[in-house]
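Structural features, examined
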Amino acid sequence: MKTIEVVAAVIIKDGKVFATKRGKGDFEGGWEFPGGKIEDGETKEEALKREIHEELETDIEIKEFLTTTTYNYPEFTVILSFYLCSLEDGEIKLNVHSEKKWLSKDELDSVSWLPADTEIVERLKTIL
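A brief look at the structure comes next. Computed from a prediction, not measured in an experiment: that's the story for all the values here. (Residues numbered from 1 in each chain as written. Predicted model: local features only at pLDDT ≥ 70, side-chain atom pairs only at ≥ 80, totals over all residues. Heavy atoms only, no water.)

Examining the overall build of the protein chain
A tally of regular secondary structure across the protein chain gives two helices and seven strands. Scanning the protein chain from its N terminus toward the C terminus, one meets helices and strands in the order β-β-β-β-α-β-β-β-α. Against the compact-globule benchmark of 14 Å for 128 residues, the protein chain has a radius of gyration of 14 Å, which places it among compact chains. Looking at the protein chain as a whole, 45% of its 128 residues are labelled buried. Side-chain charges in the protein chain split into 17 positive and 28 negative, and the spacing between the mean points of these groups amounts to 3 Å. (Helix = DSSP H or I, 4+ residues; strand = E, 2+ residues; numbered from the N terminus. Rg over C-alpha atoms; globule rule 2.2 N^0.38 Å. Buried < 20%, exposed > 50% of the residue type's maximum accessible area, 1.4 Å probe, protein only. Lys, Arg positive; Asp, Glu negative; His and termini not counted. Charge placed at Lys NZ, Arg CZ, Asp CG, Glu CD.)

See the structure below:
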């Protein structure tokens, strides 16, 4: 089975977490933390900054590594590294997602998260 390494930004501002809704592809309509695949020669941090800039046209500051999770989808396995981040630039433009939301702790369950993101969502409930 194919394995994909991915990085994701858990962006927190004013006690709320930034979430994005996939606008296309196999998981269209599912909610996730923005990020993407690591390219050859990139560190995880470099990949995350590049992906956020490409997807949201904004820059982030990576504060700390949170966790790495593994999820087995039927077609592939994803190894997902999550980083706690803040926005360096407040403007966000959606280039690949169809919606965005800032979710409080009590609102985390109000969206349909992609399966690979659910573990970190549960953890966020204890730290927000």
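Points about the packing of aromatic side chains
Counting across every chain of the model gives eight aromatic pairs. With centroids separated by 4.8 Å and ring planes inclined at 50°, the aromatic side chains of Phe 27 and Tyr 73 adopt a geometry described as tilted. Within this pair, whereas Phe 27 is found in the loop between strand E2 (16–22) and strand E3 (31–32), its partner Tyr 73 is found in the loop between strand E5 (60–72) and strand E6 (76–87), the two being separated by 46 residues in sequence. For Phe 27, a relative accessible area of 22% translates into the label partly exposed. (Phe/Tyr/Trp six-rings, centres within 6.5 Å; stacked < 30°, edge-to-face > 60°.)

What to know about the pattern of salt bridges
Within this structure, the stated rule accounts for ten salt bridges. Salt-bridge contacts for Glu 54 lead to Arg 50; the nearest nitrogen and oxygen are separated by 3.3 Å. A residue pair is termed a helical-turn pair when its members lie 3 or 4 positions apart in one helix, as Glu 54 and Arg 50 do in helix H1 (residues 44–56) at four residues. Using a relative accessible area of 44% as the deciding quantity, one classes Glu 54 as partly exposed. Residue Asp 109 is joined to Lys 125 by a salt bridge in which the shortest nitrogen-to-oxygen separation is 2.8 Å. (Salt bridge = Lys/Arg side-chain N within 4 Å of Asp/Glu carboxyl O.)

Observations regarding the environment of Lys 44
Mapped onto the fold, Lys 44 is located in helix H1. Residue class for Lys 44 comes out partly exposed when judged on its relative accessible area of 28%. In this structure Lys 44 touches Glu 5, Val 7, Ile 38, Ser 81 and Tyr 83, once residues within four positions along its chain are discounted. A polar atom in the side chain of Lys 44 sits 3.3 Å from the side chain of Ser 81. (Contact = heavy atoms within 4.5 Å. Polar contact = N/O pair within 3.5 Å; in protein donor to acceptor, adjacent residues only side chain to side chain.)

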